[in-house]
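# Topology and contacts: notes
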Amino acid sequence: MNSIRRIAGILWIAIAPVALYYLIKTGMSEIEKKPTIDTKIQWIVFIIVFIPAAIGLVIFGYYALKGEYDEN
Amino acid sequence: MPNEKLFADNFLLHDRIIKFIIPKPTAVMPSSQTSGIRKVIIASSVGTLIEWYDFFIFGSLATVISNQFFPKTNPTAALLSTLATFAVGFIVRPFGALVFGRLGDLVGRKYTFLLTLIIMGGSTFAIGLVPKYETIGFAAPLIVLILRLLQGLALGGEYGGAAIYVAEHSPDHRRGYFTSWIQTTASIGFFVSLGVILLTRHVLDSDQTKSIAKFNDWGWRIPFLISIILVGVSIYIRLKMNESPLFMKLKSEGKTSSNPLKESFTHKENLKMVLLALFGATMAQGVIWYTGQFYAQSFIENVCKIDFDQSRTILIWAIFFTTPFFVVFGTWSDKVGRKWIIVAGMLLATISYRFLFSQLLQVSDEKNKTEIAQLQQVKTTLTPIPNSSNSLRTTVTKNFYDDGMFISETKKDTLYIDHASTKPEIRIAKTLGNSGYWKMVFIVSIMIFNVTIAYGPIVSFLVELFPTKIRYTSMSLPYHIGNGIFGGLTPFFATLLTTIYTSDKLVGLTYPIVISLVGAIICILYVNEKNKKSFDTI
């Protein structure tokens, strides 16, 4: 079980930048479609608040990979 | 349609369910202790319920408020502005968690959640007093935005304080049961907000059309203003309560944290628990909460096209029927552990959402019903447009179906004197018959039942992850990131997906399904059970 926990850590590290990339890409395409100030503000806010969450997921994955969540 | 007798019968049923499933605490605790914990639960729950009520009335009245405070020249911009304000309300919650969490770990739980209640109550009351955009111009939306920010900040501090206050008064073996009462407050706050809005909307005039017009003009302020009475009562109750015994003990021993933020987020042992609480519990739970209630209501109104009142009363009934289960699952978690109940809630959400939402579409789809053509009603009215020779033509067509449902199609267009006509504006509202109405109540009840599984035990799970001296700070942040950001933005992301991939009306559910699944996997892999452990060993 501990080895699964550690291997899954790689997955969490990988998911975070992929999700953030998808969010930024969608945001840019939405702003392009409708370049109003409301759209811009909304997407900038969403991206800004999800960046710390993505960083948190990377740190979580790193801890998992290092065995910090292993059962003793 | 619901009536008073049915409501009274269900209320009795509700009461019986609670008495049946929840054993009397006196069986396991001395009566003085029981009475004490009851007071603690009431003082904490009432205040938290009022805070949720205050927070939700703004969201529920977003469209009405946008007409009052944002420029009318562009209605879409006005609505988006309100939605943005709504989102800000959610996003600012984590900051409230940091500010008040730190305060709660430094000066105590009681005074901190008293302060959040005052800020929330004051802001809500003040929103009800802000003059319209027409009267004071740009200052109106600016003041509303600031007050909304204060609401979000206060909510970020309130919930953690109330939950910890109850948890630190509870015996170890009943922590899940006692704290689950706090878990009912968000749904009941939402329930009360919907109820007060519907009631106010219909009692301002004997003519319903005039009553709704009055509500949209000034009556919407009433739900905001009455909040001050509730807040006053709650402050009075809370002032009479003592500080948490565990916090008092730490304080008397001089063991409180001098820098809770630093200890919570820079010490690896604690940070890894904060991250686990977020990704293994609150992220998925927040998304499930908002999908089962907010997105369900939005889906029923905007995708199924059910009329304003029914889309809200369906939710009111569903919350009413399912709220006792928060306490059921909280209590059960004292016996079998928190982890697997929470995981079950996440997995049920993952596998059931597409089916349940497709059933909502089925119930509202007229293609599955037979139209009674001879009952069709068409009514056209012409209203002259002032200072012109043109007229506004309104055509209301009502089509009736065999199961009692009818669809009102309101078509509005301008007739010009030279016979030219503009493209009509069409609005469709479906009013369900009895069977369709109760089917929808049943489907939404299943969704909220699912919310109770994931949400009922989560507060006891969270408080058990962190030591007393930094519990307020450490627990509040993951809770409000999970619920405020991941959960609060669920209706936005779900709606966004439906506008990008227009062929599938259920595509919006991809977001909650993926998040619930990821949360379940993380919870299964990394969470260890801690229930029934004494806070002294954490």
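Definitions and cut-offs
Residues numbered from 1 in each chain as written. Chains lettered and ligands numbered in written order. Predicted model: local features only at pLDDT ≥ 70, side-chain atom pairs only at ≥ 80, totals over all residues. Helix = DSSP H or I, 4+ residues; strand = E, 2+ residues; numbered from the N terminus. Buried ≥ 20, exposed ≤ 12 C-beta atoms within 10 Å, placed from the backbone. Contact = placed C-beta atoms within 7 Å. Rg over C-alpha atoms; globule rule 2.2 N^0.38 Å. Expected span 1.5 Å × (residues − 1). Nonpolar A, V, L, I, M, F, W, Y, C, P; charged D, E, K, R; others polar. Domains from an automatic or database assignment. Core = buried A, V, L, I, M, F, W, Y, C linked by C-beta atoms within 7 Å. Axes fitted to C-alpha atoms, helices over the stretch in contact; angles between N-to-C directions. Parallel < 35°, antiparallel > 145°, perpendicular 65-115°, else oblique. Left-handed = near helix turned anticlockwise from the far one by under 90°. Pairing = 2+ DSSP bridges.

Attention now goes to the overall build of chain B. Helix and strand counts for chain B stand at 23 helices and four strands. Here chain B, with 538 residues, has 48% of them falling under the buried criterion. Pairs at least 24 apart in sequence give 80% of the contacts found in chain B among residues at least 6 apart.

Attention now goes to the overall build of chain A. Within chain A, the secondary structure is distributed over two helices and zero strands. In terms of C-alpha radius of gyration, chain A reaches 16 Å, well past the compact-globule figure of 11 Å for 72 residues. Seen along its three principal axes, the alpha-carbon backbone of chain A occupies a region of about 55 × 15 × 10 Å. Counting only residues that meet the buried cut, chain A has 17% of its 72 residues in that class. Taking contacts inside chain A between residues at least 6 apart in sequence as the whole, the part at least 24 apart equals 77%.

On to helix α23 (residues 510-526) of chain B, then. Relative to the 24 Å expected for 17 residues at 1.5 Å per residue, α23 of chain B spans 24 Å between its end C-alpha atoms, a close match to the ideal helical length. All buried positions along α23 of chain B are accounted for by Tyr511, Pro512, Ile515, Ser516, Val518, Gly519, Ala520, Ile522, Cys523 and Tyr526 of chain B.

A few words on the environment of Asn434 of chain B. Mapped onto the secondary structure, Asn434 of chain B falls in helix α19 (residues 434-455). For the pair Asn434 of chain B and Gly404 of chain B, spaced 30 residues apart in sequence, the C-alpha separation works out to 6.8 Å.

Right, let's get into the interface of chain A and chain B. Taken residue by residue, the interface counts 18 residues in chain A and 15 residues in chain B. When contributions to the side of chain A that touches chain B are tallied by element, the ones reaching two or more residues are α1 (2-33) and α2 (37-65) of chain A. Per-element accounting of the side of chain A that touches chain B gives the leading share, twelve residues, to α2 of chain A. Of the residues belonging to the side of chain A that touches chain B, the class tally is twelve nonpolar, two polar and four charged.

A separate point is the domain arrangement of chain B. Residue and element names in this part refer to chain B. By the assigned domains, chain B splits into domain 1 (34-256), domain 2 (270-368 + 430-538) and domain 3 (373-429). Once you take the C-alpha centre of each, domain 1 and domain 2 turn out to be 20 Å apart. The interface is formed by 45 residues belonging to domain 1 together with 44 residues belonging to domain 2. If you list the elements that add at least two residues to the side of domain 1 that touches domain 2, you get α4 (75-91), α5 (93-107), α8 (139-167), α9 (175-203) and α13 (245-252). Ranked by the residues each element gives to the side of domain 1 that touches domain 2, the list is headed by α9, at 16 residues.

With that out of the way, let us pick up the nonpolar core. Residue and element names in this part refer to chain B. In terms of nonpolar packing, the biggest core is built from 149 residues, with Met346, Met440, Val444 and Leu462 touching the most fellow members. Per-element accounting of this core gives the leading share, 19 residues, to helix α15 (residues 268-302). Lining this core are residues from two domains, each supplying at least three of them: domain 1 (34-256) and domain 2 (270-368 + 430-538). Beyond its immediate chain neighbours, meaning those up to four positions away, Met346 contacts Ala284, Ile288, Ala454, Ser516, Gly519, Ala520 and Cys523.

Moving on: the packing of α9 of chain B against helix α17 (residues 324-336) of chain B. Residue and element names in this part refer to chain B. Remark: α9 packs on α17, axes separated minimally by 7 Å, with the N-to-C direction vectors making an angle of 155 degrees. As summarised for this structure, α9 and α17 are arranged roughly antiparallel, according to the angle between their axes. When you trace α9 past α17, the crossing you get is right-handed. Taking contact as the criterion, the partners of Arg175, Gly176, Tyr177, Thr179, Ser180, Trp181, Gln183 and Thr184 in α9 are, on α17, Phe326, Val327, Gly330, Thr331, Ser333 and Asp334. Residue composition of the contact of α9 with α17, grouped by class: four nonpolar, eight polar and two charged.

Let us look at the pairing of strand β1 (residues 377-384) of chain B. All names here are of chain B. Of all eight residues in β1, zero are buried, a share of ten percent or less. Pairing between β1 and strand β2 (residues 391-400): eight bridges, direction antiparallel. For Thr380, the partnering residue across the bridge sits in β2 and is Thr395. Remark: six residues form the turn of the hairpin made by β1 and β2, two consecutive strands paired antiparallel; Asn387 in that turn has positive phi of roughly 60 degrees.

Residue and element names in this part refer to chain B. One can find Arg471 in helix α21 (residues 471-487). Exposure remark for Arg471: the 31 C-beta atoms within 10 Å place this residue in the buried category. Remark: the alpha-carbon pair of Arg471 and Gly101, spanning 370 residues in sequence, is separated by 8.2 Å. Setting aside residues up to four positions removed in sequence, Arg471 forms contacts with Ile164, Val463 and Phe466.

Moving on, we come to the sheet that holds β1 of chain B. Residues and elements named next belong to chain B. Taking strand neighbours across the sheet as the criterion, the four strands line up as β1-β2-β3-β4 in an open arrangement whose pairing is antiparallel. Sheet topology places β1 and β4 (425-431) at the edges, where each strand pairs with a single neighbour. Adjacent strand axes in the sheet meet at a mean angle of 15 degrees, parallel and antiparallel pairs treated alike. For β2 and strand β3 (residues 406-415), the ladder comprises ten bridges, and the chain directions are antiparallel. Bridging from a neighbouring strand, Leu392 pairs with Thr414 of β3.

All right, on to the environment of Ala318 of chain B then. All names here are of chain B. By the secondary structure assignment, Ala318 is in helix α16 (residues 308-322). For Ala318, a count of 27 C-beta atoms within 10 Å gives the class buried. Between the alpha carbons of Ala318 and Ser445 there is a distance of 4.5 Å; along the sequence they are 127 residues apart. Leaving out residues up to four positions away in the same chain, Ala318 has contacts with Val441, Val444, Ser445 and Ile448.

Further remarks concern unusual backbone geometry. Unlike most non-glycine residues, Lys305 of chain B shows phi in positive territory, near 65 degrees. As for its placement among the helices and strands, Lys305 of chain B is situated in the loop between α15 and α16.

Time to look at the packing of α5 of chain B against helix α6 (residues 109-127) of chain B. Residue and element names in this part refer to chain B. For the pair α5 and α6, the least separation of the axes is 7 Å and the interaxial angle reads 145 degrees. Where α5 approaches α6, its residues Phe100, Leu103, Gly104 and Val107 are matched on the opposing element by Arg109, Tyr111, Thr112 and Thr116. Taken together, the residues of the contact of α5 with α6 sort by class into four nonpolar, three polar and one charged.

Given 3.6 residues to a turn, an α-helix orients residues that are three or four positions apart in the same direction. Residue and element names in this part refer to chain B. The end-to-end C-alpha separation of α5 is 20 Å, in line with the 21 Å expected for 15 residues at 1.5 Å each. For α5, a buried count of eleven out of 15 residues is recorded, marking the element as mostly surrounded by other parts of the structure. Remark: Gly108 follows α5 within two positions and exhibits a positive phi of approximately 125 degrees.

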